[in-house]
Amino acid sequence: MSLPGQPRPLAFQTFGVPRRIAGWETRRPMTEHIALYGKGGVGKSTLTSNLSAALAEAGFSVLQVGCDPKGDSCSLLNNGDPIPTVFDLLREWGEISVDAVAHKGFKGVTCVELGDPFGSGQCGSSEIARALAELKRIDLFGAIAPDFVLYDISGDSTCSSFYTPIQQIGVQRIFVVTTADFMSLHAANAIFKMLDRYGESNVPVPVGGLIPNSISSSFEESFIADFAVQTRTRTMGRIPRSLMVRQCELYGKTVIEASPLSNQSYFYRRLANQIVDEAASQPGLSAPMQPEELRAWARTWGDRIYALENGLVTDGAAI
Ligand SMILES: Nc1ncnc2c1ncn2[C@@H]1O[C@H](COP(=O)(O)OP(=O)(O)O)[C@@H](O)[C@H]1O
Ligand SMILES: [Mg+2]
C-alpha cells in the first residue's frame, strides 16, 4: 500500500525505471478509476490482469472489474478459474454483498466480474448500469478502498454498454488496447469517436494513450505510433507478442505470477509504472479520424507495405 510520504513501491525501483514525478504520492486521488477499452481479442483481459498483478506486487491495492459478458477478465488472477459474477448472484439471490462478489486473487488483487446480463452473450447497457449501481449500493469501492480500479471493457462497437462505466463511476482515465491490425485500430477510432460525442455534453474523459499489444516487429510499432499521431493521442510502452503469454494462460496465470523474472514481465511492469507516474501529468483528448480520412490513411500504409514487399526505394519511412 502506498500512502502519502511513503517511498515508492520497491518492485518498480528494482527494475530500474526512473522516478519521474516528484511528490507524485501526494497528488494522486484516493482511488483512481481507469478503463481499458479495445476490440474483442486484442488481449485486454490478459493485459489488465498482468497490470493488476504488476501493481499489486509493487504494493498498490487493486480492484479489477471485468465488464465483458464472457466473465473471464480475472481468470488469470484466479488460477484460470471463473468467479461468480454479479449477474449470476443477482439472478440466484436477487441481491449481492461485498463478500459474495469480491474475490481475492493473486497478491490480493480484488476481482469482480459483472458477467452476462441476459445469459446470451449480448451487451445490455441498462443491465450493466444496474450491476454497477448495485456495486455502488453495497459500497464496494468504499469497502475495498483500492488505489486503482481497472475496468476491462469490451469495445466492440455493437456493444451499447460503452458509456455506462464512464458516466456512472466517473472513470478518470481511459486507455485503448490495440494490436497492429486495421480492424483493431478501426475499433480504437470508434472508441475515440464515442469519447468525443460523450465530451460534447459531459466533462471530457482524458485518454491516457494507446497501448500496443502483441507487437512483433518495428513495422507494427510504427503503424500504431502513426495512428496515434493522426488521432492526436500517444502510445504507451508496447507489450511484445510472446509465446510465454500463451503458455502462462495454459497454466491459468499471469506472466507476472508464473514467470516473474522474464523479459515479458518487465514490459508489463514498465507499463504499470508509466500508468502510475503519468497520473500526475495531463493526459490529453483524442481526435478521431473521419471515415474517409481513416481509409486514406490506411491506404498510405498499404502503399508502404507494397513498396517494402517489392523492394522499392522510398523515403525511408520507418517500417
Ligand atoms: N502479448 C501477447 N502475446 C501473445 N499472446 C497474447 C498477448 N496478449 C494476449 N494474448 C493472447 O490473446 C488471446 C486473447 O486475449 P484476451 O486477453 O482474452 O483478449 P480480450 O480480453 O481483448 O478479448 C489470449 O489467448 C491471450 O493469451
Ligand atoms: Mg477479455
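Summarised in this report is the structure supplied together with it. (Residues numbered from 1 in each chain as written. Chains lettered and ligands numbered in written order. Predicted model: local features only at pLDDT ≥ 70, side-chain atom pairs only at ≥ 80, totals over all residues. Heavy atoms only, no water.)

## A short note on the pairing of strand β6 (residues 173-178)
On a regular strand, each side chain points to the face opposite its neighbour's, so the side chains alternate between the two faces of the sheet. Summarising burial for β6: 6 of the 6 residues are buried, a large majority. Side chains of β6 alternate between two faces, with Arg173, Phe175 and Val177 and Ile174, Val176 and Thr178 buried alike. Two strands pair when backbone bridges link them, and strand β1 (residues 32-37) and β6 are joined in this way by 4 bridges, in the parallel orientation. What sits directly across from Tyr37, in β6, is Val176. Inspection of the sheet shows β6 paired to strand β7 (residues 207-215) by 5 bridges, in the parallel sense. Its bridge partner lying in β7, Phe175 is registered against Gly209. In this fold, β6 hands off to helix α9 (residues 182-201), which returns the chain to β7; that crossover is right-handed. (Buried < 20%, exposed > 50% of the residue type's maximum accessible area, 1.4 Å probe, protein only. Helix = DSSP H or I, 4+ residues; strand = E, 2+ residues; numbered from the N terminus. Pairing = 2+ DSSP bridges. Right-handed = clockwise from strand over helix to strand, strands pointing away.)

## A short note on the packing of aromatic side chains
Here the structure, examined in full by the defined rule, presents 8 aromatic pairs. Where Phe219 meets Phe223, the ring centres are 5.8 Å apart and the plane angle is 15°; that geometry is what we call stacked. Taken as a pair, Phe219 and Phe223 lie in helix α10 (residues 218-230) at a separation of 4 residues, close to a single helical turn. Residue classification places Phe219 among the partly exposed positions, given a relative accessible area of 22%. An aromatic cluster is defined as three or more aromatic residues linked by ring pairs; in this entry it consists of Phe192, Phe219, Phe223, Phe227, Trp297 and Trp301. Its guanidinium or amino end placed over the ring of Trp301, Arg304 lies 4.3 Å from that ring's centre, counting from NZ or CZ. (Phe/Tyr/Trp six-rings, centres within 6.5 Å; stacked < 30°, edge-to-face > 60°. Lys NZ or Arg CZ within 6 Å of the ring centre and 35° of its normal.)

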